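Survey of secondary and tertiary structure
Spelled out from the first residue to the last, the chains are:
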Amino acid sequence: MKRVRHLLWAAVAVLVVAAVYGLAPDPGDRGVDDGAGQRGPGHGAGLDSPAKKDIAQQIVASAENATLDWRSAYGYIEDIGDGQGYTAGIIGFCTGTHDLLTLVRTYTDDHPGNRLARYLPALRAVDGTDSHEGLGKPFTAAWKAEAKVPAFRRAQDAERDRVYFDPAVRQAKEDGLGALGQFIYYDAIVFHGPGKAPGSFGGIRAKALRRADSPAEGGSEVAYLGAFLDVRRAAMRERGAGVDTSRVDTAQRVFLREGNLALETPLRWRAYGERYEIP
């Protein structure tokens, strides 16, 4: 289970522009669903293509870290008061949700003697809680220092892909979804976590499939993704009235209304009160 935003960003929107290299889409080719579940010729490359994957990381970072520079978040770590302990790194690994423990344990297996290895007993003890026992400032300092090591950055990338990105893209492709649908699944699994519980990614997908057929079942891609976002937004709201749903309302829903099923640039959206663009 991933981080939950209770913070309200500044009322004055800030325009953040990031260049995406090596991608030259046709702005008129948006991969529009024809309403009968058939995808147009603009469905394009999957989210796992290098250019689209970078776009995905930028959009997630806009919601998770208020930046498009997702690589700047390797050393990020703080307790955001969501009951999941420390949230850290490029995808919001948490001390209370097992994924941060798994990351550090795997990294230590390959790189014994790193700065975080000494905290493994404490990380095991606090797993599943919001406790800082045995961690605190020495641990956050160690995380920030280790995040400067290329091997630890690669370890974060690998764990992000193993737990979140690869499963989301694989499931979306099985459901007949293009790059936008693959991203919608990815952001959902980042925020809600994997699993089959009602509030998890699997639970949200199961409920959406009861409302609309996926393209793989012969349904409309636009209609199915609309149902998925409806279910996901409701799941976010169930976490509390303070949960901001703009990563759905003013980002993913915007791309869907535009018919941009291929997730082609330019992309413009808002997240937590801030305005972003990938030209």
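Read on for a plain summary of the structure. Throughout, a residue's number is its position along its own chain's written sequence, starting from 1. Two thresholds apply to this predicted model, a pLDDT of at least 70 for residue-level local features and 80 or more for giving and counting side-chain atom pairs, whereas whole-chain, interface and lining totals are computed over all residues. Calculated side-chain values reflect all of the structure's heavy atoms, with hydrogen atoms and water omitted.

1. Considerations on the overall build of the chain
In this text, helices come from DSSP runs of H or I with a minimum length of four residues, and strands from runs of E with a minimum of two, each type numbered from the N-terminal end. Within the chain one finds 9 helices and 6 strands. Burial classes: relative accessible area under 20% of the type maximum marks a residue as buried, over 50% as exposed, and values in between as partly exposed (1.4 Å probe, protein chains only). A buried classification covers 57% of the 279 residues belonging to the chain. Here, two residues are considered to be in contact whenever any of their heavy atoms come within 4.5 Å of each other. Within the chain, counting contacts between residues at least 6 apart in sequence, those at least 24 apart form 65% of the total.

2. What about the packing of helix α7 (residues 201-211) against helix α8 (residues 221-237)?
For helices, the fitted line uses only the C-alpha atoms of the stretch in contact; every axis is such a line through C-alpha atoms, and the angle between N-to-C directions lies from 0 to 180 degrees. Their axes nearest at 8 Å, the elements α7 and α8 cross at an angle of 135 degrees. Here α7 lies oblique to α8, going by the angle between them. Here α7 runs over α8; the crossing is right-handed. Contacts from Phe201, Ile204, Arg205, Lys207, Ala208, Leu209 and Arg211 in α7 reach Tyr224, Ala227, Phe228, Asp230, Val231, Arg232 and Ala235 in α8. Under this grouping Gly is polar, as are all residues other than the nonpolar Ala, Val, Leu, Ile, Met, Phe, Trp, Tyr, Cys and Pro and the charged Asp, Glu, Lys and Arg. The residue inventory of the contact of α7 with α8, partitioned by class, reads 9 nonpolar, no polar and 5 charged. Geometric relationships in this document are graded by angle, where less than 35 degrees denotes roughly parallel, more than 145 denotes roughly antiparallel, 65 to 115 denotes roughly perpendicular, and other angles denote oblique. In a left-handed crossing the near helix is turned counterclockwise from the far helix by less than a right angle, and in a right-handed crossing that turn is clockwise.

3. Description of the pattern of salt bridges
For this analysis, a salt bridge means a side-chain nitrogen from Lys or Arg found within 4 Å of a carboxyl oxygen belonging to Asp or Glu. Here the structure, examined in full by the defined rule, presents 15 salt bridges. Arg247 is paired through a salt bridge with Glu64; the nearest N and O atoms lie 3.2 Å apart. A residue pair is termed long-range when its members are at least 10 positions apart, and Arg247 in helix α9 (residues 246-257) and Glu64 in helix α1 (residues 50-64) qualify at 183 residues. For the salt bridge of Arg115 with Glu146, the shortest nitrogen-to-oxygen distance reads 2.9 Å. In this pair, Arg115 sits in the loop between α2 (99-110) and α3 (120-126) while Glu146 sits in helix α4 (residues 136-146), placing the two residues 31 residues apart along the sequence. Salt bridges here are not isolated pairs; linked through shared partners, they connect Lys53, Asp157, Arg160 and Asp161.

4. Focus: the nonpolar core
Ile59, Phe139, Trp143, Tyr186, Phe228, Leu263 and Trp269 are the most contacted members of the largest nonpolar core, which totals 80 residues. For this core, the element with the highest residue contribution is helix α6 (residues 179-192), accounting for 10 residues. In this description, a nonpolar core means a group of buried Ala, Val, Leu, Ile, Met, Phe, Trp, Tyr and Cys residues linked to one another through side-chain atoms lying within 4.5 Å.

5. So, the side chain of Arg247
Residue Arg247 is classed as buried on the basis of its relative accessible area, which comes to 2%. In terms of polar contacts, Arg247 uses its side chain to reach the side chain of Glu64, at 3.2 Å. If sequence neighbours within four positions are ignored, Arg247 has contacts with Ala63, Glu64, Asp187, Phe191, Arg232, Met236, Gln252 and Tyr272. Polar contacts here mean pairs of N or O atoms no more than 3.5 Å apart (in protein, one a potential hydrogen donor and the other a potential acceptor; neighbouring residues in sequence count only if both atoms are side-chain atoms).

6. Overview of the pairing of strand β6 (residues 274-278)
With 4 of its 5 residues buried, β6 lies for the most part within the structure. Only strands that DSSP links by at least two bridges are regarded as paired with each other. Two elements, strand β5 (residues 267-271) and β6, share 5 bridges in a ladder whose sense is antiparallel. Note on β6: the bridge partner recorded for Arg268 is Glu277. Hairpin remark: β5 followed by β6, antiparallel, with 2 residues in the connecting loop; positive phi at Tyr272, about 55 degrees.

7. Considering empty space enclosed by the protein
Put simply, the grid is 1 Å and covers the protein atoms alone, a cavity is a trapped set of points that fit a 1.4 Å probe, a pocket is an open set with protein on both sides within 12 Å along at least five of seven lines, and lining residues have an atom within 4 Å of a point. Grid points are joined across faces, edges and corners, and a volume is the space filled by probe spheres set on the points. Tallied over the full model, the rule gives 2 cavities of 30 Å³ or more. Reported here for the largest cavity is a volume of approximately 50 Å³. Every residue along the wall of the largest cavity is listed here: Ile59, Val60, Ser62, Ala63, Phe183, Asp187, Arg247, Ala251, Gln252, Trp269 and Ala271. If you list the elements that add at least two residues to the lining of the largest cavity, you get α1, α6, α9 and β5. Top contributing element to the lining of the largest cavity by residue count: α1, with 4 residues. Here the residues of the lining of the largest cavity are counted per class, giving 7 nonpolar, 2 polar and 2 charged.

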